[in-house]
Amino acid sequence: MSIQTELQETIDSLVRRGRGILAADESTPTITKRFQAVGIECTEASRRSYRELLLSTTGIGEFISGVILYEETLGQSASNGLRLAEIAQRQGIVPGIKVDKGTIDLANAPGDKITQGLDGLGERLKGYKEQGARFAKWREVYPITPANPTLLGITANAEVLARYAAICQSYGIVPIVEPEVLIDGDHTIERCEEVTEAAQNEVFAALKRHRVQLEAMLLKPSMVVAGKGHPPKASPDEVAKRTLRVLRRTVPAAVPSINFLSGGQTPEEATANLNAINTAHVNVPWLLSFSYARALQEPPMAIWKGKPENVAAAQEAFLHRARLNAAAQRGAYTPAMEKGSGAG
Ligand code: 13P
């Protein structure tokens, strides 16, 4: 199969109305923190059991078209001996892989970050592809302070995202390009909008410079929201208006789908905001969907607590959250649908 056909097939499988992406790619230090917060011991076995719980949820493939895995998970097998990636495939879910190696301080730009992992990326992609991965994810972060992100931060992060995306496509792997403007801080929603527009503008300039095929990538942005230290929270309509304005100004129509991260919003907020985005727009060229980690996983993880007897209830809560976000993708979510979750 040609690389072009491979990329197109993956895009066609991922970009489907009423479906979104599950981000289950927390690095070991991150999942350790999330497990500890709800009293689960973090071991290779507990991480495997938890991810098996998510991927083997009956019916989940109706709402989830792709899953982003962490390297460890891609190599793990479930209790029945099937590889976790294969369990996803059997549900009609395309396996993907987080390929960045996390952030460090960006030299000469105090307060800004840069993501590592480009060296040897092509070789790693070959291996991940053999294990079943068809798409990848790379996240750059943009902290907001009165001085950040700097112009250097914005240009350096965009350049790295574009290099990653170009490398992925040359190996027939669809890149998810994730510029995350962080919710930490007490900044206003106006400031978040300004930073998001500047960051995304530069990302698309870099993607074009690196000749990334826009038709064969997905954008995973943050929504435009105020800092979490700046209450009260904006209404879903306000978030939708500002988020859509920035997307229209910065994202070419050639990009097939925009899959938001949840970025510290509660599960209910992330669903309500996605729904508002999908009801506010008229004729946008992209599918507008989700690629949530916390907003899909918080309820099932809290219910599971690492105990086999809680697996069924946790799966019910996960399926419920996925169903609500799938409804939000179609603009068909109402808060009344929150009732009856297995989340208790
Ligand atoms: P959240 O939805 O929890 O923000 O995670 C999405 C993600 O993949 C971050 O890289």
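So, here's what we can say about the structure. Note that this is a predicted model, so its numbers are computed, not measured.

### Brief notes about the pattern of salt bridges
Scanning all chains against the criterion turns up 23 salt bridges. Glu190 serves as the salt-bridge partner of Arg242, at 3.3 Å between the closest nitrogen and oxygen. In this pair, Arg242 sits in helix α9 (residues 236-250) while Glu190 sits in helix α8 (residues 189-209), placing the two residues 52 residues apart along the sequence. For the salt bridge of Glu194 with Arg191, the shortest nitrogen-to-oxygen distance reads 2.8 Å. Here Glu194 and its partner Arg191 are both found in helix α8, three residues apart, which amounts to about one turn of the helix.

### Focus on the layout of surface pockets
A volume near 850 Å³ is recorded for the largest pocket. If you trace the largest pocket, you find 37 residues lining it, with Thr30, Arg34, Lys98, Arg139 and Glu180 closest to the centre. Listing elements by their share of the lining of the largest pocket, those giving two or more residues are α2 (28-37), β5 (113-115), α6 (121-130), β6 (135-142), β7 (174-181) and β10 (287-292). Partitioned by chemical class, the residues of the lining of the largest pocket number 10 nonpolar, nine polar and 18 charged. Roughly 220 Å³ of volume is contained in the second largest pocket. Of all elements in the fold, only α9 and α10 (267-280) reach the threshold of two or more residues within the lining of the second largest pocket. Here the lining of the second largest pocket is built from residues that sort into seven nonpolar, five polar and three charged.

### Section: α8
With 21 residues, α8 should cover 30 Å at 1.5 Å per step; its first-to-last C-alpha distance of 30 Å lies within 8% of that length. Regarding α8, the residues found buried are Ile189, Cys192, Glu193, Val195, Thr196, Ala199, Gln200, Val203, Phe204, Ala206 and Leu207. Considered in projection along α8, the buried side chains sweep an arc of 170° and stay on one side of the axis. At its buried positions, α8 is contacted by β6, α7 (151-170), β7, β8 (218-219) and α9. Where α8 terminates, the next one or two residues include Arg211, which has phi positive at roughly 55°.

### Quick notes on the environment of Ser77
Tracing the backbone through its elements, the reader meets Ser77 in the loop between α4 (71-74) and α5 (84-90). In this structure the C-alpha to C-alpha distance between Ser77 and Leu121, which are 44 residues apart in sequence, comes to 24 Å. When neighbours within four sequence positions are excluded, Ser77 is seen to be in contact with Arg48, Leu82, Arg83 and Leu84.

### Considering the pairing of β7
The buried count for β7 comes to eight of eight residues, which makes it a mostly enclosed element. Where burial is concerned, the two faces of β7 agree: the one with Val174, Ile176, Glu178 and Glu180 and the one with Pro175, Val177, Pro179 and Val181 are both buried. Both β6 and β7 contribute to a ladder of eight bridges, which runs parallel. Bridge assignment links Phe135 to a residue of β7, and that residue is Val174. Inspection of the sheet shows β7 paired to β8 by two bridges, in the parallel sense. Pairing of Ile176 across the sheet is with Leu218, part of β8. Following the chain from β7 across α8 to the adjacent parallel β8, one finds a crossover that is right-handed.

Analysis parameters
Each chain carries its own residue numbering, running from 1 in the direction its sequence is written. Local features in this predicted model are restricted to residues of pLDDT 70 or higher, and side-chain atom pairs are both shown and tallied only at a pLDDT of 80 or more, whereas totals for entire chains, interfaces and linings draw on every residue. Values reported for side chains reflect all heavy atoms of the structure, with hydrogen atoms and water molecules removed beforehand. When a carboxyl oxygen of Asp or Glu lies within 4 Å of a side-chain nitrogen of Lys or Arg, that pair is called a salt bridge. Secondary structure follows DSSP: runs of H or I at least 4 residues long count as helices, runs of E at least 2 residues long count as strands, and numbering of each begins at the N terminus. Buried and open spaces are told apart on a 1 Å grid over the protein atoms alone, a cavity being a set of points where a 1.4 Å probe fits but cannot get out and a pocket being an open set with protein on both sides within 12 Å along at least five of seven lines. Residues with an atom within 4 Å of a point are the lining residues. Grid points are joined across faces, edges and corners, and a volume is the space filled by probe spheres set on the points. Any residue outside Ala, Val, Leu, Ile, Met, Phe, Trp, Tyr, Cys, Pro, Asp, Glu, Lys and Arg is labelled polar, Gly included; the first ten of those are nonpolar and the last four are charged. In this scheme, a helix's expected span is set at 1.5 Å multiplied by one less than its residue total. When a residue's accessible area, from a 1.4 Å probe over protein chains only, is under 20% of the maximum for its type it is buried; when over 50% it is exposed; and in between it is partly exposed. Note: the arc covers the axis-to-C-beta directions of the helix. Whether two residues are in contact is decided by their heavy atoms: any pair within 4.5 Å suffices. Should DSSP find at least two bridges between two strands, the strands are regarded as paired. Crossovers are marked right-handed if the path from the first strand over the helix to the second runs clockwise, as seen with the strands pointing away from the viewer.

All we've got here are geometric facts, nothing functional implied.
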